[in-house]
Amino acid sequence: MVKTTKLNPHMGSSFDDFLKEDGIYEEVQARALKRALAEQLMDAMQSNKISKVHMAQRMATSRSQLDRVLDPSNLSIQLDTLIKAANAVGSTVEIRLKPNTPRTRAKAALA
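Residues numbered from 1 in each chain as written. Predicted model: local features only at pLDDT ≥ 70, side-chain atom pairs only at ≥ 80, totals over all residues. Heavy atoms only, no water.

A.B. asks: Which parts of the structure should I look at to understand the side chain of N74?
C.D. replies: Examined against the element boundaries, N74 turns out to sit in the loop between α4 (63-70) and α5 (79-88). When neighbours within four sequence positions are excluded, N74 is seen to be in contact with K34 and R68. (Helix = DSSP H or I, 4+ residues; strand = E, 2+ residues; numbered from the N terminus. Contact = heavy atoms within 4.5 Å.)

A.B. asks: Is there a simple way to think about the packing of helix α2 (residues 25-47) against α4 in this case?
C.D. replies: Packed helices, taken two at a time, are described by their axes: the angle between them and the distance between them. At a minimum axis separation of 8 Å, α2 and α4 run at an interaxial angle of 125 degrees. Here α4 runs oblique to α2, going by the angle between their axes. On α4, the residues that touch K34, A38, L41, M42 and M45 of α2 are R68, V69 and L70. Considering only residue class, the contact of α2 with α4 consists of 6 nonpolar, no polar and 2 charged. (Axes fitted to C-alpha atoms, helices over the stretch in contact; angles between N-to-C directions. Parallel < 35°, antiparallel > 145°, perpendicular 65-115°, else oblique. Nonpolar A, V, L, I, M, F, W, Y, C, P; charged D, E, K, R; others polar.)

A.B. asks: Help me understand the nonpolar core in this model?
C.D. replies: Soluble globular proteins: nonpolar side chains tend toward being buried together. Membership of the largest hydrophobic core comes to 14 residues, with the highest contact counts inside it found for L41, M45, M55, M59, L66, A85 and V89. Mapped onto this core, the elements with two or more residues apiece are α2, α3 (52-59), α4 and α5. Setting aside its immediate chain neighbours within four residues, V89 contacts L41, A44, M45, N48, I50 and M55. (Core = buried A, V, L, I, M, F, W, Y, C linked by side-chain atoms within 4.5 Å. Buried < 20%, exposed > 50% of the residue type's maximum accessible area, 1.4 Å probe, protein only.)

Written out as structure tokens, the structure reads:
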């Protein structure tokens, strides 16, 4: 049996479209990514029982620099610093680009 999905005629644009119209899409996306990275680093530190002082020592940096790395609202993190932080908790960094795929109303209805 094939299930069909009706499109909602009242469905508007996506949230991403709203953010793009307001001109804040890139900033919101960057903040979300930084928050996720900071949470992953803090979770790894906690599970490995690594204090901030010890983490900073492993990264060969200052505690204040580590605080900036872990601050979800501070978007200015360099790749080399991110790689040092990942190595300090026994992880690696993986970055990839993926093509933007326009979201049609049919895809939005299925999501």
